[in-house]
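# Fold and geometry: a report
Each chain, letter by letter, is given below.
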Number of protein chains: 2
Amino acid sequence: MGSEPVTGLRLPRAQRRQQILAAAAEAFAEAGFRGTSLADVAARVGVSQPGLLHHYPTKEALILAVLAERDEDDRRHLDEVFRGTAMNLVDWLTTLCTINSERPELVRLFAVAAAESLHPAHPAHTYFQERYERLRGSVAARVVIEQDEGRLPGALDPMATATELLALMDGLQMQWLVQPGIDMCAIYRNALERLATHAGTSAA
Amino acid sequence: MGSEPVTGLRLPRAQRRQQILAAAAEAFAEAGFRGTSLADVAARVGVSQPGLLHHYPTKEALILAVLAERDEDDRRHLDEVFRGTAMNLVDWLTTLCTINSERPELVRLFAVAAAESLHPAHPAHTYFQERYERLRGSVAARVVIEQDEGRLPGALDPMATATELLALMDGLQMQWLVQPGIDMCAIYRNALERLATHAGTSAA
């Protein structure tokens, strides 16, 4: 599926790394971190295992690189969508939902990795802790701005609201992965608009 | 952790099965389905592997039994809490949240198993599909009743609302498992009350 093995070719370093990350993302999404071996990933790319280890010395390094690259991708994507426009929270989050609705494999990778990483010994444990904290911080900061501009009720607790909005997206994605007929983005947008127009009890 | 190995004793069948399920739940929550072997579970219980296979012939049978038993447990628990009282949706779901907030290991087991089971080859794939469908159906039916009684806005789409409420609980539990300081039940109750008091745009 996806990346075609290009065996024996000497690809430029950056291109080879991209190829490895794409193959690893597929493998981790399908079989989880524990169920994937470096040998599986090497076989998908069509390189030898030492060839793979040259770029990513451990499976831990590989999954962290996959996750970090996909986060970076998201940031670029959202920057492009909102370039030069005032990005409001409802549009930002529903756009992210729409982007995700077009890439179930990536959403599955994050769902599986996030759940597996609940174990403190998982290599991405700290990564997910920091990712949730960072995302909550970004969304909460945006809530405060929109409260100042009068677009969100002042009574909302910014951090609790951020926690709620991220949780709803995570949970909707899970059900949508299990049952792709669910229109998760319509449900999400509706919840966001309810929040924005609600007279204003606090979210915490 | 938890169940103490009682080696060599001949326990009654039902008691031995309880002991096995408790040990298996711990093991699956810690290491996932793929990361757990029947030998691990047998060692935790203090029985031989053939002794374990006598009760649960495969790892697939074991995880399905663990999940089904815990669902059954939930039903009993909720029946007790609401015995003889009219159970309204907000109270029902916040009570479930409170119960879950007291058993992080079980919540983790479900989070890990649900994410792992996204792969169609996972033994619990169908179980989770059916579980989500069943839960959505129960919550949607309850939404309809409360709309009839005037306690929820008539404009809410029952199925979309059920999807949203289950998603929010799932997502909040994920963040709470990563960051136990989060008061997930306060956030959940608040979202439920906002839904109940909102003037009534539809959730889909």
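Residues numbered from 1 in each chain as written. Chains lettered and ligands numbered in written order. Predicted model: local features only at pLDDT ≥ 70, side-chain atom pairs only at ≥ 80, totals over all residues. Heavy atoms only, no water.

Once that is clear, we can look at the overall build of chain A. Regarding its fold elements, chain A presents 9 helices and 0 strands. What you see in chain A, going N to C, is helices and strands ordered as α-α-α-α-α-α-α-α-α. With respect to the principal axes defined by its C-alpha atoms, chain A has extents near 65 × 40 × 30 Å. Split into buried and exposed, the 204 residues of chain A put 53% on the buried side. Look at the contacts in chain A between residues 6 or more apart in sequence, and 65% of them connect residues 24 or more apart. Total accessible area on chain A is roughly 9,000 Å²; 55% of this is exposed by carbon and sulfur atoms. (Helix = DSSP H or I, 4+ residues; strand = E, 2+ residues; numbered from the N terminus. Buried < 20%, exposed > 50% of the residue type's maximum accessible area, 1.4 Å probe, protein only. Contact = heavy atoms within 4.5 Å. Areas by Shrake-Rupley, 256 points an atom, 1.4 Å probe, with all protein chains shown as cover.)

Moving on, we come to the interface of chain B and chain A. On the chain A side, the residues contacting the 44 residues of chain B number 43 residues. Regarding the contact of chain B and chain A, the summed buried area is about 3,800 Å², with carbon and sulfur atoms giving 63% of it. Its largest share of buried area at the contact with chain A, chain B owes to Leu118, Gln175 and Arg194 of chain B, together 19% of the area lost on that side. One can count 2 salt bridges joining chain B with chain A. Between arginine 194 of chain A and glutamate 164 of chain B there is a salt bridge, with its nearest N and O atoms 2.8 Å apart. Listing elements by their share of the side of chain B that touches chain A, those giving two or more residues are helix H1 (13-31), helix H6 (104-116), helix H7 (125-148), helix H8 (158-178) and helix H9 (184-197) of chain B. Examining the composition of the side of chain B that touches chain A, we find that 13 residues originate from one element, H8 of chain B, more than from any other. In terms of residue class, the side of chain B that touches chain A is built from 22 nonpolar, 13 polar and 9 charged. (Buried area = accessible area lost by both parts, 1.4 Å probe. Salt bridge = Lys/Arg side-chain N within 4 Å of Asp/Glu carboxyl O. Nonpolar A, V, L, I, M, F, W, Y, C, P; charged D, E, K, R; others polar.)

As a further point, take the side chain of glutamate 69 of chain A. Residue and element names in this part refer to chain A. Within the secondary structure layout, glutamate 69 lies in helix H4 (residues 59-81). Judged by relative accessible area, which is 18%, glutamate 69 ranks as buried. Among the polar contacts made by the side chain of glutamate 69, one reaches the side chain of glutamine 18 at a distance of 3.5 Å. With residues near it in sequence (within four places) discarded, glutamate 69 still touches Gln18 and Leu21. (Polar contact = N/O pair within 3.5 Å; in protein donor to acceptor, adjacent residues only side chain to side chain.)

Now for the state of the cysteines. All names here are of chain A. Here the structure, examined in full by the defined rule, presents 2 disulfides over all chains. Between the sulfur atoms of cysteine 97 and its disulfide mate cysteine 185 the distance is 2.3 Å. Disulfide cysteine 97-cysteine 185: the torsion about the S-S bond is -95°, which places it as left-handed. Taken as a pair, cysteine 97 in helix H5 (residues 89-101) and cysteine 185 in helix H9 (residues 184-197) lie far apart in primary sequence, 88 residues in all. Judged by relative accessible area, cysteine 97 falls into the buried class, the value being 1%. (Disulfide = S-S within 2.5 Å.)

The operation relating chain B to chain A is a screw motion whose rotation component is 180°, with 0.0 Å of axial translation and a residual RMSD of 0.0 Å. As the rotation angle and translation indicate, the two copies are arranged about a two-fold axis. Both copies share a contact surface, since 98% of the interface residues of chain B are interface residues in chain A too. (Least-squares fit on C-alpha atoms with pLDDT ≥ 70 in both.)

For the rest of this paragraph, the subject is helix H2 (residues 38-45) of chain B. Residues and elements named next belong to chain B. Turning to H2, its buried residues number three or more, namely Leu38, Val41, Ala42 and Val45. Looking down the long axis of H2, one finds its buried residues gathered within 100° of arc, a one-sided arrangement. The inward-facing, buried residues of H2 abut H1, helix H3 (49-55) and helix H4 (59-81). Looking at the residues trailing H2, positive phi occurs at glycine 46, about 85°. (Arc of directions from axis to C-beta.)

Let us look at the nonpolar core. Grouped together as the largest cluster of nonpolar side chains are 136 residues, with contacts concentrated most on Leu62 and Tyr188 of chain A together with Leu62 and Tyr188 of chain B. Apart from residues no more than four positions distant in its own chain, leucine 62 of chain A is found in contact with Ile20, Leu21, Ala24, Phe28, Leu38, Val41 and Tyr56 of chain A. (Core = buried A, V, L, I, M, F, W, Y, C linked by side-chain atoms within 4.5 Å.)

Further remarks concern the environment of alanine 68 of chain A. Here alanine 68 of chain A lies in helix H4. Taking the C-alpha atoms as reference points, alanine 68 of chain A and arginine 134 of chain A, 66 residues apart in sequence, are found 13 Å from one another.

On to H5 of chain A, then. Residue and element names in this part refer to chain A. When the terminal C-alpha atoms of H5 are compared, their 18 Å separation across 13 residues agrees well with the 18 Å that a helix rising 1.5 Å per residue should span. The element H5 is largely enclosed, with a buried count of 10 among its 13 residues. With a side-chain oxygen lying 3.1 Å from the backbone nitrogen of valine 90, the N-terminal cap of H5 falls on asparagine 88. (Expected span 1.5 Å × (residues − 1).)

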